[in-house]
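Listed here are the chains, written in short residue letters.
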Amino acid sequence: MARYNLVVVEKIHEADDTCSLRFELPAEVADDFAYSPGQFVHVRAVVDGAPVERSYSLSSAPQVDPHFQLTIKRVESGALSPFLVEQVQRGDRLEVSEPQGRFFDENAGPARHYLLFAAGSGISPLYSILKWLLGRERGDRVTLVYASRCESGIIFRAELDALAAAHGERLRLVHVLSRPAPGWTGESGRLVADAIERLLGPRDAGGLPEIAYLCGPEAFMASVAEALEQRGLAPRDIRRESFATAEAVSADALDDETTVRILPEGTAEDTPVAAAPQTELTVAIDGEEHSIVPQPGETILAALQRAEIDAPFSCQEGTCLSCMCRVEQGAVRMRRHELIGLTPEDLGEGIALACLSKAEGTRVRVSFEDV
Ligand SMILES: Cc1cc2nc3c(=O)[nH]c(=O)nc-3n(C[C@H](O)[C@H](O)[C@H](O)COP(=O)(O)OP(=O)(O)OC[C@H]3O[C@@H](n4cnc5c(N)ncnc54)[C@H](O)[C@@H]3O)c2cc1C
Ligand code: FES
């Protein structure tokens with residue numbers, strides 16, 4: 001994963017405790033920093049003498065915005081976000097990785113109705129996706145439901161209101177406040193199933209197929225997802241971006257009951273894989289090959305991290321899809337996670353998530369190239 005020291009060329013105050021940082025992209029890094037809507041980068045800095053790294057979504061949109069922008073909300077007593085929001089200034093340099101993640105599916109197929117649900121700083125990737133969708137000339141429609149605590153906490157408020165005014169029927173924007181001040185005439189309260197159904201209205205039988213993108217705290221995404229499933233959306237059409245970094249999954253938890261076996265594309269499902277006391281794992285990544293032996297209790301990602309091999313990852317819980325790899329030899333066991341964004345076709349092509357998988361058998365080869 002390429003990383004560069006990028007210069008901050010603009011800092012914008014967006015809302016309570018939130019700023020955007022725009023970076024200069026020198027011509028020699030432009031290819032590495034080409035990105036898709038809704039992707040994120042890793043930002044590294046030294047704060048109080050200690051290196052710290054966190055992920056931030058791009059709030060700018062490719063082919064729409066001339067700038068490369070992150071939007072950061074300050075987390076109380078956080079290691080990095082207070083430094084970025086309060087101390088970083090125009091002209092400073094930050095180490096930024098090339099964009100990662102597969103949250104958004106650009107869909108070249110028929111038009112859709114996109115249901116975007118954001119809470120707080122979860123607006124960042126959805127703002128990128130929204131601008132990109134509105135920028136392409138197709139029959140897509142978008143509904144953005146954006147939950148904030150209070151009016152002064154609404155990030156990109158003026159820009160969102162201007163987009164809604166400019167795009168008429170194509171964009172419906174609903175602000176929802178959890179703690180509105182007296183005088184607020186818009187929506188308020190928690191986004192529970194009844195409220196979501198009322199906001200969205202009945203599904204139009206002959207209307208566009210719906211797909212939902214969610215980003216915000218886990219409890220917010222769980223209740224929105226539940227309401228959308230009740231509305232009839234299939235789980236694979238409810239995509240989430242989690243800002244939380246979970247405790248790494250232990251491979252000990254990956255037993256036969258809770259896992260699926262993933263084999264190289266074209267391999268018969270019942271191909272036997274002999275149990276082996278130790279597995280030799282070969283990994284192709286960034287044009288190099290590494291051979292390692294995972295220890296008991298290690299996922300593939302954990303084994304790579306122990307060997308200091310720079311594999312892409314973020315959430316470590318199967319939601320961001322950063323750690324996708326392709327099984328090319330042998331087999332891996334991956335935790336059966338009903339909510340992950342991998343399709344049955346992906347599994348059939350040997351695609352696995354390194355953070356949820358352990359290598360199985362004597363020899364396993366996985367590749368992070370062109371996945
Ligand atoms: C894929 C991805 C994309 C992300 N995109 C963005 C983005 O666009 N904008 C953005 O502001 N953040 C984003 N985040 C979150 C970001 O990476 C950091 O987790 C966040 O800035 C807090 O980091 P910190 O070092 O300041 O706090 P930490 O030192 O990591 O945490 C301090 C305390 O705050 C709690 N905490 C951590 N994160 C949050 C949170 N989000 N809300 C409430 N409490 C929290 C922790 O549990 C801990 O107790 C993203 C995360 C991921 C995984
Ligand atoms: S690190 Fe996010 S899916 Fe594996």
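Not measured: the values here are computed from a predicted model.

Here is what the cut-offs are and how they apply
- Residues numbered from 1 in each chain as written.
- Chains lettered and ligands numbered in written order.
- Predicted model: local features only at pLDDT ≥ 70, side-chain atom pairs only at ≥ 80, totals over all residues.
- Heavy atoms only, no water.
- UniProt positions renumbered as here; feature names shortened; annotations may be inferred.
- Helix = DSSP H or I, 4+ residues; strand = E, 2+ residues; numbered from the N terminus.
- Phe/Tyr/Trp six-rings, centres within 6.5 Å; stacked < 30°, edge-to-face > 60°.
- Buried < 20%, exposed > 50% of the residue type's maximum accessible area, 1.4 Å probe, protein only.
- Contact = heavy atoms within 4.5 Å.
- Pairing = 2+ DSSP bridges.
- Axes fitted to C-alpha atoms, helices over the stretch in contact; angles between N-to-C directions.
- Parallel < 35°, antiparallel > 145°, perpendicular 65-115°, else oblique.
- Left-handed = near helix turned anticlockwise from the far one by under 90°.
- Nonpolar A, V, L, I, M, F, W, Y, C, P; charged D, E, K, R; others polar.
- Domains from an automatic or database assignment.
- Buried area = accessible area lost by both parts, 1.4 Å probe.
- Salt bridge = Lys/Arg side-chain N within 4 Å of Asp/Glu carboxyl O.
- Polar contact = N/O pair within 3.5 Å; in protein donor to acceptor, adjacent residues only side chain to side chain.
- Near = heavy atom within 4 Å.
- Areas by Shrake-Rupley, 256 points an atom, 1.4 Å probe, with all protein chains shown as cover.

**Student:** In this structure, what is going on with the UniProt feature "domain: FAD-binding FR-type" (unreviewed entry) in the protein? I would like to understand it.
**Tutor:** Taking the numbering used here, the UniProt-annotated feature "domain: FAD-binding FR-type" (unreviewed entry) corresponds to residues 1–106. As a span, residues 1–106 carries 7% helix and 43% strand, and end to end its C-alpha atoms are 23 Å apart.

**Student:** When you look at the packing of aromatic side chains in this model, what are you seeing that I'm missing?
**Tutor:** Two aromatic rings, taken as a pair, are described by how far apart their centres are and by the angle between their planes. A full pass over the atoms with the stated rule returns 9 aromatic pairs. Note on F104 and Y114: the rings are 6.1 Å apart at their centroids and 45° apart in plane angle, and the pair reads as tilted. Placement of the pair is F104 in the loop between β6 (93–97) and β7 (113–119) and Y114 in strand β7, with a sequence separation of 10 residues. What makes F104 buried here is its relative accessible area of 8%. Ring plane angle 55° and centroid distance 5.2 Å describe the contact between F104 and Y213, whose orientation is recorded as tilted. With F104 in the loop between β6 and β7 and Y213 in strand β11 (residues 210–215), the pair connects residues that are 109 residues apart, well separated along the chain. When sorted by exposure, F104 lands in the same class as Y213, which is buried.

**Student:** For this particular structure, what's the right way to read the environment of A147?
**Tutor:** When you line up the elements, A147 lands in strand β8 (residues 141–148). By relative accessible area, which is 15% here, A147 ends up buried. In this structure the C-alpha to C-alpha distance between A147 and I196, which are 49 residues apart in sequence, comes to 12 Å. Those residues in contact with A147 that sit more than four places away from it in its chain are A118, A119, G120, V176, L191 and F220.

**Student:** What is the right way to read the sheet that holds strand β5 (residues 68–73) from this model?
**Tutor:** Hydrogen bonds between backbone atoms are what pair the strands of a sheet, whose relative direction is either parallel or antiparallel. Reading across from one edge, β4-β3-β6-β1-β2-β5 is the order of the 6 strands in this open sheet, with antiparallel pairing throughout. Single-partner strands in this sheet number two, and they are β4 (50–57) and β5. Adjacent strand axes in the sheet meet at a mean angle of 40° when their direction is disregarded. Bridging between strand β3 (residues 40–47) and β6 involves 2 bridges; their strand directions are antiparallel. Directly across from V43, in β6, lies its bridge partner V96.

**Student:** What should I look at first to understand the packing of helix α4 (residues 193–200) against helix α5 (residues 218–231) in this one?
**Tutor:** Packed helices, taken two at a time, are described by the angle their axes make and the gap between the axes. Contact geometry of α4 with α5 gives a least axis separation of 9 Å together with a crossing angle of 60°. Considered as vectors, α4 and α5 are oriented oblique to each other. In the crossing of α4 with α5, the sense of the turn from one axis to the other is right-handed. For the pair formed by α4 and α5, the contact residues are A193, I196, E197 and L200 on the first element and S223, V224, A227, L228, Q230 and R231 on the second. Grouping the constituent residues of the contact of α4 with α5 by class yields 6 nonpolar, 2 polar and 2 charged.

**Student:** How should the domain arrangement of the protein be read in this particular structure?
**Tutor:** Frequently, the measure chosen for interface size is the accessible area that the parts lose on association. The domain architecture assigned to the protein consists of domain 1 (3–97), domain 2 (113–241) and domain 3 (251–367). For domain 1 versus domain 3, the distance between C-alpha centres works out to 31 Å. Between domain 1 and domain 3, the residue contacts involve 4 residues of the former and 5 residues of the latter. Taken together, the two surfaces of domain 1 and domain 3 that pack against each other cover about 270 Å², and 40% of this comes from carbon and sulfur. The largest share of the area that domain 1 buries against domain 3 comes from R3, F40 and H42, three residues that together contribute 82% of it. With a shortest N-O distance of 3.8 Å, D310 and R3 are connected by a salt bridge. Here domain 1 and domain 3 share 1 residue pair in polar contact (both at pLDDT 80 or more) between them.

**Student:** Explain the pairing of strand β1 (residues 3–15) to me, please; I cannot follow it from the model alone.
**Tutor:** The two faces of the sheet receive side chains in turn, since in a regular strand these alternate between them. Here β1 runs beside β6; their pairing, made up of 5 bridges, is antiparallel. Its bridge partner lying in β6, V7 is registered against R93. Bridge count for β1 against strand β2 (residues 18–23) is 6 bridges, and the pairing is antiparallel. Bridge pairing links H13 to C19 in β2.

**Student:** Looking at this model, I keep getting lost on the site of ligand 1. Mind explaining?
**Tutor:** Near ligand 1 there are 20 residues, and of these R54, S55, Y56, L80 and S81 occur at the shortest range. At 3.3 Å, a side-chain N or O of S124 approaches an oxygen atom of ligand 1. Isolated, ligand 1 exposes 910 Å² of accessible area, and the fraction of that covered by the protein chains is 70%. Those elements that provide at least two residues to the shell around ligand 1 are β4, β5 and α1 (81–87). The element contributing the most residues to the shell around ligand 1 is β4, with 4 residues.

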